[in-house]
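# Coordinates in review
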Amino acid sequence: MVEAQLVLTALMGLFLAGVAVWLSRIEDWRSYTPLAGGGGAVGEESGYAHDEKPSGLIRWLTTVDHKDIGILYGAYSIIAFAVGGIMVILMRTELLTPDEAIIGSQFYNSLLTSHGITMLFLFGTPMIAAFGNYFIPLLVNAEDMAFPRINAIAFWMLPPGALLVWAGFLVVPFTDIQPAQTAWTMYTPLSAGVGTGTQAGVSGLGIDFMLLGLHFTGLSATMGAINFIATIFTDRGSDVNWANLDIFSWTMLTQSGLILFAFPLLGSALIMLLLDRNFGTTFFLAEGGGPILWQHLFWFFGHPEVYILALPPMGLVSFILPKFSGRKLFGFKFVVYSTLAIGVLSFGVWAHHMFATGIDPRIRASFEAVSLAIAIPSAVKVFNWTTTLWGGNLRLTAPMLFCVGAVSNFIFGGVTGIFTAAIPIDLVLHDTYYIVGHFHYILMGLLAFTVFAGIYYWFPIITGKMYQKRLAKWHFWLTMIGTNITFFAMLLLGYLGMPRRYATYTFGVGPQQIIEVLHQVTTLGAFILLVGQIIWVWNMIQSWYEAPTLQDNDPWDLKETGQFTNEWGWNERRLETAITDGGEEEETAMTDGGDPVDGSADTE
Amino acid sequence: MDDQPGLSDQYRMSSPWPLIVVLGLLFSELGLLFNVFPVAVGGLLLFVGAIAGIVLESGYADRPWNLLAGLGVALCVLGALVTVTQLDSVTFDAIATVVGRPNGIVGRGVELLIAGIVSVVIGAGGRFAESESI
Ligand code: HEM
Ligand SMILES: [Cu+2]
């Protein structure tokens, strides 16, 4: 024991010394590297000037450039998406047969928990921040985010967060520690380790790890949100005002507001739960605040969280859809108003997740009313998207396909939501696969679809290349078909009474045979989705490395319809600067000498 | 926010501090939650040090020492509060009993206190040393 302490102390000392050495080396480079000739004169626009950052790995570890951080966020989120995806493939494979066949139910529960947490906190929230980081400063003509270093801190909170969330899986082969099996809602008393059948003692350390990891991702989201708000409010260029602020920035602003009110609350509740677990407090125990207190706190965060994950995707649809419809977004103002309305209302509906808990019926009724009301601004958006498409000059590029698919999926997700907002219906459908189908139509069908749309749309800016269109179409159709097979079958399973969060379905609920077939259909859909995503990753990586450098500053022909927005303007200036400067070491280098005369005309 | 007074223009798009702030917080939280003394104290020191460093680098302060000492005082207060909650009465006897047979909570309080004291000492020492040389 004492020896272990000594070893740990020595290790910690070594680690601190290592940090000090690393720091002094970096400070040395900073002050003594000679200025590269002429490089000091780069305009503020070209964030990629090579003398502003060290090279190699150190560049990525120390960058405070919003574009680099955006790429880091994106890469991180896609890795998380892959991890969460592989987890769910294991789960769906288990569900091919009614009994426990491939993985045990304990492992299933661990996967279930981590899948949810990973997709919401390690993929969804950071992926949106990836777009925000890269594009908000460009869209509002800011030089960078308002607080570049806080931005970097916010990103670096995430990898330790992920490691902690997955820690149970990483150590399970060597220790008695089990990955958390609490489901993403972490309901007490289960998550407090109280009662039989819960993870107590050492095996429960997995829960502590996960709570700590969530705490980190929450801090990250909060810092990111403060940064987005400050950037949009204070760092706008002189030509960007509230009247012409783009729709994506509006949704990011609203979303950041939601984060600011929701995530600190989650952080506090998590600390309270950690205290209950480790320090003998009784916040959520029956003799203290009671288990329902957790549900109130959790859902006061949790419902806004679903809009935190939905508003920016809605912004992406509103932003990208008009570009390929050849016309401006129909009723721009109303899309902004509905965004703000959803933002406010989303804090008044949380107890619709608790209809079945036996809370006061008068409280339930008021939450039913507000929940039904929130469907109105959501429907306003669908209406505006549809009317934007109506009579437009549609171009079915990959980003457009994903936008249209997202609208279609959102209609499914939204309509099924309204049903569960009605108490009598919810009492029947609560805790069944219907709910799982509902929210996946939105999380996969809207969030993931718009993420794909955004990546395809801005791929030329981020990489200077174009993706392979054929593969992108394959990706879309496999994803669209896979999503609708998987989640529609889940809705049906829910109608038949199949409860959610089970590794088996040998118990006698509903017609066994139909349930089995529907489960197999769901799994089939999941495999189709998997194939689609493999194609996507391949397309992204191969195109980034091997596609020819794009010479076209306006690959989507946005100028024709007057929709050449700021980020493309920035990209154009960057490419033209690259020509006059004789090329940069970056991917955007243009060595064939393009047409330098035109290019130099409007660069100072 | 782009310019960093006091630094050369080299690498103005990079900073080593954010990563260190995060590592500091990570080790502090792990150490405090699981009550591992060296990790908690080392992590807290790294954390307050990195905050002083990043504030200095961004040009919000000319010197790190006052901030370092101030954060140290904050840690001390926090640690003392945590420890005091475990006392029956504020007497030397009570303190002696608790420290003699520390429970988990006192352990964490002591971790905070020690990290705080070290930070105060470094902060004050740095101030003193710099005032000599300038
Ligand atoms: C049209 C507006 C919406 C309404 C009226 C609505 C209604 C509901 C209701 C009443 C529930 C609880 C069902 C139950 O557990 O018994 C629920 C669950 C859920 N909804 Fe929605 N919803 C809407 C939109 C959304 C959006 C936009 C998202 C995500 C971006 C979302 C994500 C979720 C999630 C994740 C759950 C399940 C939480 C859990 O128990 O694990 N919903 N929804
Ligand atoms: Cu909700």
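Residues numbered from 1 in each chain as written. Chains lettered and ligands numbered in written order. Predicted model: local features only at pLDDT ≥ 70, side-chain atom pairs only at ≥ 80, totals over all residues. Heavy atoms only, no water.

## Focus: the domain arrangement of chain A
Size of an interface, as often reported, equals the accessible area lost when the parts are brought together. Residue and element names in this part refer to chain A. Splitting chain A by domain gives domain 1 (64-289) and domain 2 (311-568). Each of domain 1 and domain 2 was reduced to a C-alpha centroid, and the two centroids are 20 Å apart. Each partner contributes to the interface: domain 1 provides 46 residues, whereas domain 2 provides 47 residues. Roughly 4,000 Å² of surface becomes buried between domain 1 and domain 2 when both sides are summed, with 78% attributable to carbon and sulfur atoms. Ranking the residues of domain 1 by area buried against domain 2 places Arg92, Pro98 and Ile247 at the top, with a combined share of 18%. Across the domain 1-domain 2 interface, the total number found is zero salt bridges. In this assembly, domain 1 and domain 2 are joined by eight residue pairs in polar contact (both at pLDDT 80 or more). (Domains from an automatic or database assignment. Contact = heavy atoms within 4.5 Å. Buried area = accessible area lost by both parts, 1.4 Å probe. Salt bridge = Lys/Arg side-chain N within 4 Å of Asp/Glu carboxyl O. Polar contact = N/O pair within 3.5 Å; in protein donor to acceptor, adjacent residues only side chain to side chain.)

## Focus: the coordination of the copper ion (ligand 2)
Residue and element names in this part refer to chain A. Coordination of the copper ion (ligand 2) by the protein comes from His303 (ND1), His352 (NE2) and His353 (NE2), over a distance range of 1.8 to 2.0 Å. Mapping the donors of the copper ion (ligand 2) onto the primary sequence yields the spacing H-x48-H-H. A separation of 4.6 Å is found between the copper ion (ligand 2) and the iron atom of ligand 1. Here the residue His303 occupies a position in helix α10 (residues 291-308), and His353 occupies one in the loop between α12 (332-345) and α13 (361-389), the gap between them amounting to 50 residues. (Donors = N, O, S within 2.8 Å, 3.2 Å for Na, K, Ca; no water. Helix = DSSP H or I, 4+ residues; strand = E, 2+ residues; numbered from the N terminus.)

## Examining the nonpolar core
Counting residues in hydrophobic clusters, the biggest one holds 185 residues, and the most contacted among them are Phe121 and Trp458 of chain A. At 22 residues, helix α16 (residues 433-463) of chain A tops the list of elements feeding residues into this core. Taken together, domain 1 (64-289) and domain 2 (311-568) of chain A each give at least three residues to this core, which thus spans both. Counting residues in hydrophobic clusters, the runner-up holds eight residues, among them Leu44, Val48, Leu112 and Ala115 of chain B. (Core = buried A, V, L, I, M, F, W, Y, C linked by side-chain atoms within 4.5 Å. Buried < 20%, exposed > 50% of the residue type's maximum accessible area, 1.4 Å probe, protein only.)

## Description of the coordination of the iron atom of ligand 1
No protein donor other than His438 of chain A (NE2) coordinates the iron atom of ligand 1, and that contact is at 2.2 Å. Tracing the backbone shows His438 of chain A in helix α16.

## Re the UniProt feature "transmembrane region" (unreviewed entry) in chain B
Residue and element names in this part refer to chain B. Here the UniProt feature "transmembrane region" (unreviewed entry) sits at residues 20-53, 65-85 and 105-129. For residues 65-85, helix accounts for 95% and strand for 0%, while the C-alpha atoms at its two ends are 30 Å apart. Split by type, residues 105-129 is 100% helix and 0% strand. Its first and last C-alpha atoms lie 36 Å apart. (UniProt positions renumbered as here; feature names shortened; annotations may be inferred.)

## Digging into the interface of chain B and chain A
Contacts between chain B and chain A engage 38 residues on the former and 48 residues on the latter. In total, about 4,100 Å² of surface goes out of reach between chain B and chain A, with carbon and sulfur atoms giving 72% of it. Applying the counting criterion to the chain B and chain A interface returns one salt bridge. Here Glu57 of chain B ties to Arg149 of chain A by a salt bridge, and the two come within 2.6 Å at their closest N and O atoms. The tally of links from chain B across to chain A stands at three residue pairs in polar contact (both at pLDDT 80 or more). Among the secondary structure elements, those contributing two or more residues to the side of chain B that touches chain A are α1 (17-34), α2 (37-57) and α5 (104-133) of chain B. By residue number, the principal contributor to the side of chain B that touches chain A is α1 of chain B, which donates 14 residues. Class assignment for the residues of the side of chain B that touches chain A results in 25 nonpolar, eight polar and five charged. (Nonpolar A, V, L, I, M, F, W, Y, C, P; charged D, E, K, R; others polar.)

## Some thoughts on the site of ligand 1
Residue and element names in this part refer to chain A. Around ligand 1 sit 23 residues, and of these Val306, Asp426, His430, His438 and Arg500 come closest. Asp426 places a polar side-chain atom, nitrogen or oxygen, 2.5 Å from an oxygen atom of ligand 1. One of the side-chain N or O atoms of Arg500 is found 2.8 Å from an oxygen atom in ligand 1. Among the elements of the structure, α10, α13, α14 (398-421) and α16 are those that each provide at least two residues to the shell around ligand 1. Residues of the shell around ligand 1, tallied by class, amount to twelve nonpolar, eight polar and three charged. (Near = heavy atom within 4 Å.)

## A few points about unusual backbone geometry
Residue and element names in this part refer to chain A. Cis geometry marks the peptide bond from Thr188 to Pro189; its omega dihedral reads 5°. Relative to the helices and strands, Pro189 is located in the loop between α7 (167-171) and α8 (205-234). The phi angle at Arg501 is positive, at roughly 65°, despite the residue not being glycine. Summarising the element assignment, Arg501 is placed in the loop between α17 (469-495) and α18 (512-546).

## A short note on the packing of aromatic side chains
Residue and element names in this part refer to chain A. Scanning all chains against the criterion turns up 54 aromatic pairs over all chains. For the cation-ring pair, Arg236 lies above Trp242, with the distance from its terminal atom to the ring centre recorded as 4.3 Å. Its end group placed over the ring of Phe564, Lys559 keeps NZ or CZ at 4.5 Å from the ring centre. (Phe/Tyr/Trp six-rings, centres within 6.5 Å; stacked < 30°, edge-to-face > 60°. Lys NZ or Arg CZ within 6 Å of the ring centre and 35° of its normal.)

## Quick notes on the confidence of the model for chain B
A low pLDDT score tells you not to read the predicted coordinates there in detail. All names here are of chain B. Scored by pLDDT, chain B comes out at a mean of 84, with 85% of its residues at no less than 70. Within chain B, α1 carries the highest mean pLDDT (94), whereas helix α4 (residues 92-100) carries the lowest (72). Contacts from residues 1-10, a stretch scored under 50 in pLDDT, to residues over four places away or in other chains number 24 contacts. For this predicted complex, the interface confidence score (ipTM) comes to 0.87, while the overall pTM stands at 0.89. (pLDDT = per-residue confidence, 0-100.)

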